[in-house]
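Structure at a glance
One-letter residues, chain by chain:
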Amino acid sequence: MSLELIANNKVHGGWHKRYSHKSTVNNCTMTFAIFLPPGVDETAKAPVLYWLSGLTCTDENFMQKAAAFKTAAELGIILVAPDTSPRGEGVADDPEGSYDFGLGAGFYVNATEEPYKQHYQMYDYICTELPALIDEHFPSNGKKAISGHSMGGHGALVIGLRNLGQYTSVSAFAPITNPLNCPWGEKAFSGYLGKDRESWKAYDSCELLSHTPADKCPPLLVSQGMSDNFLESQLRPERLVAAAEQADVSLCLEQHPGYDHSYFFISSFIDQHLRFHAQYLS
Ligand SMILES: N[C@@H](CCC(=O)N[C@@H](CSC=O)C(=O)NCC(=O)O)C(=O)O
């Protein structure tokens, strides 16, 4: 699969690059961004942290706002930030053009419903197609971890918990923990997955965590701002804690007074998340 370079910036001694490519699973052109820390090449390979962004984001929000490069450069971690949905001609959007469904809101699921299923296969894209592309074109050493924010925190938890053994560690900022039972999740899953709520459970981190064998669960870190406008209505971290207790799994939930839902919060704690992942990636 060929890549087209669309941006190239030196930063903290490494390189931030953006690429587009034809996606077989999403049946459209996709864009992703990558940070290559200094010194990585075919003889000095590095692990990869996949970052999944939230509603309304592209590959650019994390790279421009999270302030992750300095510590990723120090730790020798490759960062990969995909887009949050398929895009382009023929890709169905929310008929009402809202921000929480359709373009920029793929929810990291494989859609089964018309007219979304032709393109919205973000679960397979993140789990399979993108890592294969990264391993083919960049000096990754085969070790990978996953993190994300809000909708992307949901995606990171779901993908980490459905693919036990594949991600050394999983973290999330302000994740949508229980999309089965919150307005963002119910809207997205109805549209992408249809009316059968049973089929939604495969994409719910509380549901998945409550059934995860403790000895197979990856290390989990969740950070939540306590002045987050979406805390009560959409995020509900206490439900993830209850699921962890049910499975007797260790979950580190850090609650930070005064922080909101924005990248100001993420940039304040991204170093901690990078160091958390580095322990397991190294
Ligand atoms: N426009 C909406 C909320 C949009 C929003 O807050 N998006 C977040 C992710 S929310 C969950 O997935 C985000 O990361 N935005 C991009 C950014 O750069 O901040 C509203 O105003 O309610």
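Residues numbered from 1 in each chain as written. Predicted model: local features only at pLDDT ≥ 70, side-chain atom pairs only at ≥ 80, totals over all residues. Heavy atoms only, no water.

The name an unreviewed UniProt entry assigns to the chain is S-formylglutathione hydrolase, from the organism Pseudoalteromonas qingdaonensis. The UniProt entry for the chain carries this comment under Sequence similarities (unreviewed entry): "Belongs to the esterase D family." The Function (unreviewed entry) comment attached to the chain in UniProt states, word for word, "Serine hydrolase involved in the detoxification of formaldehyde." (UniProt positions renumbered as here; feature names shortened; annotations may be inferred.)

Residue P115 is bonded to the preceding E114 through a cis peptide linkage, with omega at -5 degrees. Here P115 shows up in the loop between β5 (78–82) and α3 (122–137). For D248, which is not glycine, the phi dihedral falls at a positive 60 degrees. Mapped onto the elements, D248 comes out in the loop between α8 (237–247) and β9 (252–256). (Helix = DSSP H or I, 4+ residues; strand = E, 2+ residues; numbered from the N terminus.)

Attention now goes to the layout of surface pockets. Volume-wise, the largest pocket comes out at about 250 Å³. Around the largest pocket sit 14 residues that line it, and L55, T56, C57, H149 and H261 are the ones nearest its centre. Split by residue class, the lining of the largest pocket holds six nonpolar, seven polar and one charged. (1 Å grid on protein atoms, 1.4 Å probe; cavity = no way out; pocket = protein on both sides within 12 Å on 5 of 7 lines; lining within 4 Å. Points joined across faces, edges and corners; volume = space filled by probe spheres on them. Nonpolar A, V, L, I, M, F, W, Y, C, P; charged D, E, K, R; others polar.)

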